[in-house]
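Notes for the structure review
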Amino acid sequence: MLALKILIIDDDPSLRYMLTEICKHAGWESDTAENGKEGIDYFEQEQYDLILVDYHMPEMDGLQTVKEIRSRNTHIPVLVLTVDERQEIADQLLEEGATDFALKPVKAPDMISRIQLHVQLANMRQHQEQEEDVFSSKGISRHTLQHISNYLKKQKEPISVDELSKNIDLAYPTVYRYLMHLLDEGKVNQLLSHQKIGRPKKLYQWYA
């Protein structure tokens, strides 16, 4: 089980208790709020992995609560609990940024599996975005990197930057930059080919 911290926002004391017990059973920590306004206050003070929000609440309903959460955080999974099965309600919730919604009455196995799934998906997305940021900062295109990598994987013999540049029709400086990136990542080996005349030539081969 993942070690999680869940925020439960619901005006029904019995449901808050049930959801707290479900979290406890799964080995998760949880905080509870009686309405959307109180839930937002909790959210601004603590770090949570997922938020459970009731749709029908006084003072600030589920729709407005989801909107407020999304204005502060675009990544955290938000699951809305509702008895309303109308498609237009589901569409509204998703448009405002809800990750998913679950119909009441709540069933523990379903709730636990949904929470685990959405937290894992959120973590994967965040990791991917962080990777993209690293690629962007280094001026590396994922598509070009894949193109060069695929070509190198097919080569049985080491190849020079010049040969690689000609064979895949990319500029020498571009190929060199990408090879240096792959070298830093430990994906490529750099070998020295000792020529009869002049300095040894650097060759590159996919690390197998």
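Nothing here was measured: the structure is a model prediction, and the numbers come from that model.

Some words on the nonpolar core
- One finds Ile-9, Phe-43, Ile-51, Val-53, Ile-69, Ile-76 and Leu-93 to be the most contacted residues of the largest nonpolar core, which totals 20 residues.
- Elements with a contribution of two residues or more to this core: strand 1 (5-9), helix 2 (36-45), strand 3 (50-54), helix 3 (62-72), strand 4 (78-82) and helix 4 (87-95).
- When residues of this core are assigned to their parent elements, the largest contribution, three residues, is made by helix 3.
- Judged by nonpolar contacts, the second largest core, of 19 residues, contains Leu-52, Ala-102, Val-106 and Ile-115.

A few points about helix 6 (residues 142-154)
- With 13 residues, helix 6 should reach 18 Å at 1.5 Å per residue; the first-to-last C-alpha distance of 19 Å fits that figure.
- Along helix 6, the positions that sit buried rather than exposed are Thr-144, Leu-145, Ile-148, Ser-149 and Leu-152. Considered in projection along helix 6, the buried side chains sweep an arc of 130 degrees and stay on one side of the axis. The outward face of helix 6, more than 90 degrees from its buried face, is lined by the exposed residues His-143 and Lys-154.

Cut-offs applied
Residues numbered from 1 in each chain as written. Predicted model: local features only at pLDDT ≥ 70, side-chain atom pairs only at ≥ 80, totals over all residues. Heavy atoms only, no water. Core = buried A, V, L, I, M, F, W, Y, C linked by side-chain atoms within 4.5 Å. Buried < 20%, exposed > 50% of the residue type's maximum accessible area, 1.4 Å probe, protein only. Helix = DSSP H or I, 4+ residues; strand = E, 2+ residues; numbered from the N terminus. Expected span 1.5 Å × (residues − 1). Arc of directions from axis to C-beta.

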